[in-house]
Amino acid sequence: MKPFPRAEISRSALQHNMKRLCEIAPSSQVMAVVKANGYGHGLLNVASCLDTADGFGLARLEEALILRSGGVKAKLLLLEGVFRTEDLYKLVEHDIETVVHHSSQLDMLEKVTLSSPVQVWLKIDSGMHRLGFTPEEFHLMYERLMQCDNVAKPVHLMTHFACADEPNNPMTSAQFEVFSGLTRDLPGHRTLANSAGTLYWKETQADWVRAGIALYGVSPVIGDLGRDHGLLPAMDLVSRLIAVRRHKAGEPVGYGSHWLAKQDTQLGIVAIGYGDGYPRNAPEGTPVWINGRLVPIVGRVSMDMLSVDLGIDASDQVGDEAVLWGSELPVEVVAEHIGTIAYELVTKLTPRVAVCLD
Ligand SMILES: *Cc1c(COP(=O)(O)O)cnc(C)c1O
């Protein structure tokens, strides 16, 4: 029997999305961003489906090491770089590339003795003001990298967008101008665009696009869906009904007893809750897909279960499957009900949810 709850990951959807991104960014290489356990889809699952990716982007050295021990040979880039000198030896040993965004990382590179040089992507702060060197610092840092024997040449160049998910926000063009101006005459590869940049700001695609959420079939932009860009959702979050109950008008359900049925109905109890990563703050009315239709959550989400209003005429049975999000119910829609973004929903699933590749 299949485990419940489970995140069913579709190999064909992942592969389709990869192909689609190559069409959307035909002159760029695609770095598949698989940090945070492949956005909750399973790091090695995703990497094994995407053996055509030109490279993988990760946030932590540990994630890159899991890919290398899993036999992944592709280019790997640490998007935040390394935090300790010891990690530099691991980069050389496992052929992992790194971002340098802070002078402390440059200090480490200048002091260490490495058996071969490391490929560095120098990160420019073009306006997000989170990581990276300001335009004023950039030339000095670039010079220091050029002088450093532990750094492979040429140095590659990157920046990250703050507002690319807002198609009318002039910030992205301003950041593009800053980056282009600083890097105009330099050798090396360039990368600027995340998923939103790749989809909405084609002029920023450059040598590499760094696509995360789009790879999983999800739109980064509030108000549109992955399918609007020809992408397919890669995750179905599935559980099942563990109780179906007759419920009278005026009766409450769940902790706090704050929801009261307006009329006689049947309630379904679904075996998933915040202990699985389904948010406790999902309000009444958040949809769940059961037996071919959407039904609303009622009452509070608890640790191990939640309640839905199946309606008086429902014929749903204990054991029937309930889809919390997926191909029939886009995770973007669920996220909007809950007041969060799809990124958070998919990455927050807990280890109690079995991740199953089809
Ligand atoms: C996470 C991340 C990405 C991918 O972002 P998406 O919006 O998921 O496409 C790209 N670049 C960097 C530096 C990141 O940290």
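Everything in this summary refers to the structure shown in the same document. These figures come from a predicted structure and were not determined experimentally.

Bringing unusual backbone geometry into the picture now. In the segment running from F4 into P5, the intervening peptide bond is cis, with an omega of -15°. Mapping P5 onto the fold places it in the segment before strand 1 (6-9). In this structure, D95 is a non-glycine residue whose phi angle is positive, near 55°. Within the element layout of this structure, D95 appears in the loop between helix 5 (85-94) and strand 5 (97-100). Under the relative-accessibility criterion, D95 is labelled exposed at 56%. Look at N291: it is not a glycine, yet its phi comes out positive at around 45°. Here N291 is to be found in the loop between strand 12 (287-290) and strand 13 (293-298).

With that settled, the discussion passes to the site of the ligand. Lining the immediate environment of the ligand, one finds 13 residues, of which K35, Y39, S195, I213 and Y343 sit closest. Taking S195, its side chain carries an N or O atom lying 2.5 Å from an oxygen atom of the ligand. Here a nitrogen atom of the ligand sits 2.8 Å away from a polar atom, N or O, in the side chain of R210. Summarising the interface, the protein chains cover 91% of the accessible area of the ligand, which totals 390 Å² for the free molecule. Put simply, the parts of the chain that give the shell around the ligand at least two residues each are helix 2 (35-39) and strand 9 (208-211). Tallied by class, the residues present in the shell around the ligand amount to 7 nonpolar, 4 polar and 2 charged.

Turning to the side chain of Q266, a few remarks are in order. Along the polypeptide, Q266 turns up in strand 11 (residues 265-270). Assessed through its relative accessible area of 7%, Q266 is described here as buried. Only 3.0 Å separates the side chain of Q266 from the backbone oxygen of I312, close enough to count as a polar contact. Residue contacts for Q266: discarding those within four places in its chain leaves V244, R245, R246, V308, D309, L310, G311, I312, D313 and A314.

Attention now goes to the nonpolar core. Formed by 103 residues in total, the largest nonpolar core has its most connected members in L50, F56, Y278 and W325. Not counting residues up to four positions away in its chain, the partners in contact with Y278 are I272, G273, T286, I297, V301, L306, L324, W325, V334 and I338. V253, W259, A261 and L267 belong to the second largest nonpolar core, which has 5 residues in total.

What follows concerns the pairing of strand 2 (residues 29-33). Of all 5 residues making up strand 2, 4 are buried, and the element is well covered by its neighbours. Where strand 2 lies against strand 9, 4 bridges are found, and the strand directions are parallel. Residue pairing across strands places A32 opposite A211, the latter belonging to strand 9. Pairing between strand 2 and strand 3 (residues 55-58): 3 bridges, direction parallel. For A32, the partnering residue across the bridge sits in strand 3 and is F56.

Between helix 6 (residues 103-111) and helix 7 (residues 135-147), whose axes approach to 10 Å, the crossing angle comes to 20°. Overall, the two elements helix 6 and helix 7 adopt an arrangement that is roughly parallel. Of the two possible hands of crossing, helix 6 and helix 7 adopt the one that is left-handed. In this structure, helix 6 contributes S103, L106, D107, L109 and E110 to the contact, and helix 7 contributes M141, R144 and L145. In the contact of helix 6 with helix 7, the residues fall into 4 nonpolar, 1 polar and 3 charged.

So, about the packing of helix 4 (residues 61-69) against helix 5. Here helix 4 crosses helix 5 at 25°, and the two axes come no closer than 11 Å. As far as their axial angle goes, helix 5 and helix 4 are roughly parallel. For the element pair helix 4 and helix 5, the recorded crossing hand is left-handed. Each of L61, L65 and R68 in helix 4 lies in contact with helix 5, whose residues at this interface are D87, K90, L91 and H94. Here the contact of helix 4 with helix 5 is composed, by residue class, of 3 nonpolar, 1 polar and 3 charged.

Definitions and cut-offs
Residues numbered from 1 in each chain as written. Predicted model: local features only at pLDDT ≥ 70, side-chain atom pairs only at ≥ 80, totals over all residues. Heavy atoms only, no water. Helix = DSSP H or I, 4+ residues; strand = E, 2+ residues; numbered from the N terminus. Buried < 20%, exposed > 50% of the residue type's maximum accessible area, 1.4 Å probe, protein only. Near = heavy atom within 4 Å. Polar contact = N/O pair within 3.5 Å; in protein donor to acceptor, adjacent residues only side chain to side chain. Areas by Shrake-Rupley, 256 points an atom, 1.4 Å probe, with all protein chains shown as cover. Nonpolar A, V, L, I, M, F, W, Y, C, P; charged D, E, K, R; others polar. Contact = heavy atoms within 4.5 Å. Core = buried A, V, L, I, M, F, W, Y, C linked by side-chain atoms within 4.5 Å. Pairing = 2+ DSSP bridges. Axes fitted to C-alpha atoms, helices over the stretch in contact; angles between N-to-C directions. Parallel < 35°, antiparallel > 145°, perpendicular 65-115°, else oblique. Left-handed = near helix turned anticlockwise from the far one by under 90°.

Fair warning: the whole summary comes from geometry, so function is off the table for now.
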